[in-house]
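Notes for the structure review
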Amino acid sequence: MKQQQNNQWRRMLVSAILSGVSILSMSAQVADGPKGLYKLNEIVQQDGKHVEAGFQQYKYCLDNYTLMFNYYNVPDKGAHTFNIGISNPDGKPLTYTGELSKTENKGIQTFATSDSTFTLRWFNDRSDFDPHLFPFQTNIDEYYEQVRDSDDIIQRTMNLLQMKLGDKVHRLHGVWKLRGHQKSNTARSQYWIVKEQQDRYVIFGHDMAVLVFPNPSFPQGSLNCISMSCNYLSDNVVDCDGNNMILHWLDGETVSVTSIDNNGRPCVMIWDRCGLPQNIQEVFGTEVPQMSKDISRFMVEGFLEKYGKQPDSICWAFETFDYAVDVNERNNAIFPILMRNGFSDEYNAMKDSLLSRLIAGEINADEAVGRYMFWFYKNFDRHTNCSSKYFWKLASDVHVNYHKVMSKYAPEPVGCKVDDKTYLLRLPSCMGVVPTWEWLIKKADEFKSSGCKNLILDLRGNGGGSDRYSLMFTLFMGSAGAIEEERSYYRCGLDNNNNLKKVYWNKEFLAQIDSIDDGRFVDWWIVKKGDQVYEPQVHKAAIIIDNGTASAGETPVRFVRNHAKCRAKVYGREGTYGCEWSGNCNEVRLPHSNITLRYPMTVDANLDAHCKERNPSLKPDVIIPLPYPEQLTDNIDSWVLWVAKKM
């Protein structure tokens, strides 16, 4: 009935290979018996002799089954890791029988000795038990007392198995399933994973963790689990029973754990957030969702099955490309918008075609990633791009090269009168360097005292930066509240959240996003219809754009169309660069390459409608019929003079 455990458990790697032995049985529901968690306090043999068991034993009594927990004393007094066995040897829940006989009855007797205690009497008919503890062919009395100590090791273990985890103090909080070990021990990669021979799960609570080794036949078969102390040293370091483990968060649902094995070598294991198997959850009364992430492409076995044995060059190219796809799909704020607007079939066909050509060696990783990102760039959003050489080869055909159509294309800051009625502000950048904020303030004061009633804001070549710069002069054009509601969303996720925390000031928002599931959208900003009312400070206004007008440079176009009614018009020959429907970019370096992926973390609600046009540029209201000017620097060129007269 009791089985001595081996001390080798203490020496095995806590993070990956600890295991134990357990048995659990269930039977029909009954109500007349002890309920709750009870600890064995005394063993009394038939002749009245009291003995020390040398192990700890508990009964967890419920209406439909009884669990028996055992853990054995560990020689090292500083140890906090215990192999816990769970069993129910007679296969029945405990019911009160009353005390029948101490010497003659050979069945099981259960009788209450108080409201918080009971006695279990059983007959030992097995000669393989320790005769010093359990004499053969005699009755044994076990005295149990209800556990009321919340710090009791078994009580705390039961809490975790029942998902009573306490306050969340770390990202690890919850249940994780071991995917396998990383073949090349690369902590930053989740590719080339070799599956372990035995499944295992770990439940992390407030200051304690439990490893669970499932069995498909449970509760008829055994269930192995280990209880251990857990100390969270930082977001990236956790101490499990004196073993420090380094964490690298691959995404919100996947973490690599680097520990040192018994031979002093690093070992990288990959874990995915996941509920315990359904048969275990049913026993312990929990409902934690199973893992939904597709991990097949990360596994060595899955890659070999699908593509066969490939040279290292193809394997690394696959990881580079698949990593780009994974990062983009999980984090890019425009991606879910496109998928729900009917582009999923085209997207998947494009992605699968590139992957097939990559595996066949027809294209390299630079071209595969470049073509993949160009699909987004060309059709929907120019914030989505990458540093691939092939990408920029494709992108060069999307926009007019003004350096080829003008003798000099180098816009510089200008703030001056065009004529007695019109003031020109040329803003070639919103980065705060050329021009500076101080320069802009000086020119704003100059405009206000100039007596000019008309204003031209020239944004040609403005590659973006901060809306603070581009909107200073644009606000002078406002003449009404918002004609239509404007709304944008932030896409939550580990990569996005970590990046946002480096640059964003709103602590309340940053605290909110950590509690939201990866991939979900939250409001970033909202301008309701009629909000932000402006009094006009100009009679007529104009904005001049070209293909180089991007991001924060495009914001003024949108502003005047929603706040200036007919007072302001947008002039140009081509549309803007095409970044207005997204913003707040993040950059990710791809493995085995020098390629950097760039994608937006926020998306405008209007993308739902505009994505169907497959052209993200903002078009001018008025097409300038003139040829390109000879040069654009710090001059008043032919386009400015034409617009001033047209106003």
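Predicted model only: the values in this text are computed from it and were never measured.

Section: the side chain of Arg-558
Relative to the helices and strands, Arg-558 is located in helix H15 (residues 555-563). In contact with Arg-558, not counting residues within four places along its chain, are Glu-486, Trp-525, Glu-580, Trp-581, Asp-604 and Asn-606.

Overview of the packing of helix H11 (residues 437-448) against helix H12 (residues 467-474)
The interhelical angle for the contact between H11 and H12, taken along N-to-C directions, is 5°, at an axis separation of 11 Å. Relative to H12, the element H11 lies roughly parallel. Residues Trp-437, Leu-440, Ile-441, Lys-443, Ala-444 and Phe-447 of H11 lie in contact with H12, whose contacting residues are Arg-468, Tyr-469, Met-472 and Phe-473. Considering only residue class, the contact of H11 with H12 consists of 8 nonpolar, no polar and 2 charged.

Some words on the sheet that holds strand S27 (residues 568-572)
Sheet strands associate in pairs through backbone hydrogen bonding, adopting either a parallel or an antiparallel arrangement. Reading across the sheet, the 6 strands line up as S21-S22-S23-S26-S27-S30 and stay open at both edges, with mixed pairing between neighbours. Of all the strands in the sheet, the pair left with one neighbour each is strand S21 (414-417) and strand S30 (622-623). Both S27 and S30 contribute to a ladder of 2 bridges, which runs parallel. Following the sheet pairing, Gly-572 is matched in S30 by Ile-623. Sheet strands in contact with H15 are strand S23 (454-458), strand S26 (540-544) and S27, and its direction is about 145° off that of S27.

With respect to the confidence of the model for the protein chain
Averaged over every residue, the pLDDT of the protein chain is 90; the share at 70 or more is 93%. Low pLDDT, under 50, characterises residues 1-31; the predicted model gives this stretch 110 contacts beyond four residues in sequence or across chains. The model gives residues 75-79 a pLDDT under 50, and that stretch makes 5 contacts with residues more than four places away or in other chains.

Remarks on the packing of aromatic side chains
On inspection of all chains with the given rule, the structure shows 50 aromatic pairs. Between Phe-303 and Tyr-307, the aromatic rings sit 5.1 Å apart at their centres with planes inclined by 50°, giving tilted as the arrangement. With Phe-303 and Tyr-307 both in helix H4 (residues 300-307), this residue pair falls 4 residues apart, about one helical turn. The lysine or arginine in question, Arg-382, covers the ring of Tyr-377, its NZ or CZ lying 5.4 Å from the ring centre. Above the ring of Tyr-628, the side-chain terminus of Arg-573 is found at 4.2 Å from the ring centroid.

Description of the pairing of S27
Burial of S27 is extensive: 4 of the 5 residues sit out of reach of the surface. For S26 and S27, the ladder comprises 4 bridges, and the chain directions are parallel. Looking across to S27, one finds that Ile-543 is bridged to Val-570. Regarding the hand of the β-α-β motif, the stretch spanning S26, H15 and S27 is right-handed.

Structural notes on H11
Turn by turn, an α-helix covers 3.6 residues, leaving residues three or four places apart pointing in a common direction. Compared with an ideal rise of 1.5 Å per residue, which puts 12 residues at 16 Å, H11 spans 17 Å between its outermost C-alpha atoms and is within 8% of the ideal. Considered for burial, the residues of H11 that qualify are Trp-437, Leu-440, Lys-443, Ala-444 and Phe-447. Each buried residue of H11 lies within a common arc of 120° when the element is viewed along its axis, so the set occupies one face. Structural note: H11 exposes Glu-438 and Lys-442 on the side pointing more than 90 degrees away from its buried face. As for H11, its buried residues are in contact with S21, strand S22 (422-426), S23 and H12.

Looking at the nonpolar core
Burial of nonpolar side chains together is a common tendency in soluble globular proteins. Among the nonpolar cores identified, the biggest contains 93 residues, and Phe-321, Val-369, Tyr-372, Phe-473, Tyr-490 and Leu-500 are the most heavily contacted of them. Broken down by element, the residue count for this core peaks at 9 residues, all from helix H8 (residues 365-379). Apart from residues no more than four positions distant in its own chain, Phe-321 is found in contact with Lys-351, Leu-354, Leu-355, Leu-358, Ala-368, Val-369 and Tyr-372. Leu-37, Leu-161, Val-175 and Leu-276 belong to the second-largest nonpolar core, a separate cluster that totals 31 residues.

Here's the deal with unusual backbone geometry
In this model, Val-434 is joined to Pro-435 through a cis peptide bond whose omega is 5°. One non-glycine residue, Met-163, lies in the positive phi region at around 60°. As for its position among the elements, Met-163 is in the loop between helix H2 (153-161) and strand S10 (174-182). For Ser-551, which is not glycine, the phi torsion reads 55° and is therefore positive.

Focus on H12
In terms of residue burial, H12 counts as a mostly covered element, since 6 of its 8 residues are buried. Residues of H12 that are buried: Tyr-469, Ser-470, Leu-471, Met-472, Phe-473 and Thr-474. Where the residues of H12 are buried, they touch S22, H11, S23 and H15.

Quick notes on the pairing of strand S13 (residues 208-213)
Across the 6 residues of S13, 6 count as buried, placing the element largely inside the fold. The alternating pattern of S13 places Met-208, Val-210 and Val-212 on one face and Ala-209, Leu-211 and Phe-213 on the opposite face, and all of these are buried. When strand S12 (residues 201-204) meets S13, the two strands line up antiparallel, connected through 4 bridges. Bridging from a neighbouring strand, Phe-204 pairs with Ala-209 of S13. The loop that links S12 with its antiparallel partner S13 comprises 3 residues.

Thresholds applied
Residues numbered from 1 in each chain as written. Predicted model: local features only at pLDDT ≥ 70, side-chain atom pairs only at ≥ 80, totals over all residues. Heavy atoms only, no water. Helix = DSSP H or I, 4+ residues; strand = E, 2+ residues; numbered from the N terminus. Contact = heavy atoms within 4.5 Å. Axes fitted to C-alpha atoms, helices over the stretch in contact; angles between N-to-C directions. Parallel < 35°, antiparallel > 145°, perpendicular 65-115°, else oblique. Nonpolar A, V, L, I, M, F, W, Y, C, P; charged D, E, K, R; others polar. Pairing = 2+ DSSP bridges. pLDDT = per-residue confidence, 0-100. Phe/Tyr/Trp six-rings, centres within 6.5 Å; stacked < 30°, edge-to-face > 60°. Lys NZ or Arg CZ within 6 Å of the ring centre and 35° of its normal. Buried < 20%, exposed > 50% of the residue type's maximum accessible area, 1.4 Å probe, protein only. Right-handed = clockwise from strand over helix to strand, strands pointing away. Expected span 1.5 Å × (residues − 1). Arc of directions from axis to C-beta. Core = buried A, V, L, I, M, F, W, Y, C linked by side-chain atoms within 4.5 Å.

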